[in-house]
Amino acid sequence: MRVALAVLDSFSVNGLAITTARPARAGAVAGHRFVLPWLRRAATVAGLVLSAACGESPTEGGGGVETPVVAAVVVSPGALQLVAGESRTLTAVVTGLDGRPVDGAHTTWISSDPSVARVDHSGGLMALRAGTAVIAAVSGGKRGEAEVVVSNTPPNNTVATVEIVGTALTVDPGKTLRLTAVVKASDGTVLQRPVTWSTSNESKAWVTWDGVVYGHAGGEAIITATVEGRTGTARVTVTEWRDYPLIRAQENALPYLVSADTALYDEHGARYDRTVEIVGGRFRLSTVSQRYEQELTLRVTDLYYWKMGDEYVPGWAQSRTETLRDAGIAGWSDYGTFKYTSTMIGGHEFYGSYNPQNDLYIIQKIGGQGSLRTFVFDN
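Residues numbered from 1 in each chain as written. Predicted model: local features only at pLDDT ≥ 70, side-chain atom pairs only at ≥ 80, totals over all residues. Heavy atoms only, no water.

### Topic: the pattern of salt bridges
Tallying each qualifying case throughout the model produces 10 salt bridges. The residue Glu145 makes a salt bridge to Arg143 at a minimum N-O spacing of 3.2 Å. Owing to a relative accessible area of 46%, Glu145 belongs among the partly exposed residues under this scheme. In this structure, the salt-bridge partner of Arg178 is Asp210, at a minimum N-O distance of 3.8 Å. Here Asp210 lies in the loop between strand 20 (205-207) and strand 21 (212-215) and Arg178 lies in strand 16 (residues 176-178), a separation of 32 residues in the sequence. Under the relative-accessibility criterion, Asp210 is labelled partly exposed at 27%. By sharing partners, the salt bridges in this structure join Arg274, Asp302, Arg320 and Glu322 into a single network. (Salt bridge = Lys/Arg side-chain N within 4 Å of Asp/Glu carboxyl O. Buried < 20%, exposed > 50% of the residue type's maximum accessible area, 1.4 Å probe, protein only. Helix = DSSP H or I, 4+ residues; strand = E, 2+ residues; numbered from the N terminus.)

Here's what the structure looks like:
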């Protein structure tokens, strides 16, 4: 059928001018524009090409709603190893031809084997049984995939146990104890993981970030090592009594002259001088009750004199060893030391003090003249 074209008219598609003709044959509806099918297709294609050349994003669809063209879909993470019963959340990034994310793009999630791994509409993944499944995210005709391998037992890189080990689990007050956490997988493989340390009772013992325990006072504390949700514990005992064996005396620890104030005579009337020297011993201090116990080893030397006229001339000497013990309640002094009193040497009253910071132990006579004795204990 021939169509007679009459008056030409124009319109545009995406800014491209298109010429149309009004049919002149009889019976045609007045004002109706007629565009040949090949001309309409050419106009549409030309409009798309022109839009792309001008930097505009091509769209598809109709009815006045523009839908961006999807170029790619990327699923993250792209590969997973899960244990049956574990869950994860996948994400899908939809990008257009310009490489930028497409806002509001609709994504459909699909599992190649829902019996192995199931995925919901938002990317929520659940591992069900051992096997392999491919999870796909589909949008705008494009798809991205992630491979999921499900096992019934944890893989070797998953923490299964945490065990605390140490040379001993007993520590003295003021002393330290180093603990180590051994982290293992289910097959026994030792793993290297960061460890978080904590204590159940800081008043008894506290622990540093690297597993060093500090004894504070007599009692017990539970030390916990936590690694990726798994925990290991150890019960640490802080001794109530702390022992300080005497290892040496300071230079000013001279023998004490008992007869410095009063001349001594034996039952036969012979005059002598007596010196007392502390040559060993130990000191115990309770961190709970502040009770002390001490045991001192003394070397007692008696120097006898000959009487020649009105003068006494040194004659002979004899020595012996004595062990003296004392106990009581110590109190804090104004100088940050434990202090106590004792009357155990030659009937003279002495006081003792112990400085926990430098392990110095002092015995000094109260009143009168008495040399200062300072001792160092084995810390």
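### Let's talk about the pairing of strand 22 (residues 219-227)
Here 4 bridges tie strand 19 (residues 196-199) to strand 22, and the two strands are oriented antiparallel to one another. Within strand 22, the residue paired with Thr199 across the bridge is Ile223. Relative to strand 23 (residues 230-238), strand 22 is paired through 9 bridges, and the arrangement is antiparallel. Directly across from Ile222, in strand 23, lies its bridge partner Arg235. Joining the antiparallel neighbours strand 22 and strand 23 is a turn of 2 residues, in which Glu228 adopts a positive phi near 50°. (Pairing = 2+ DSSP bridges.)

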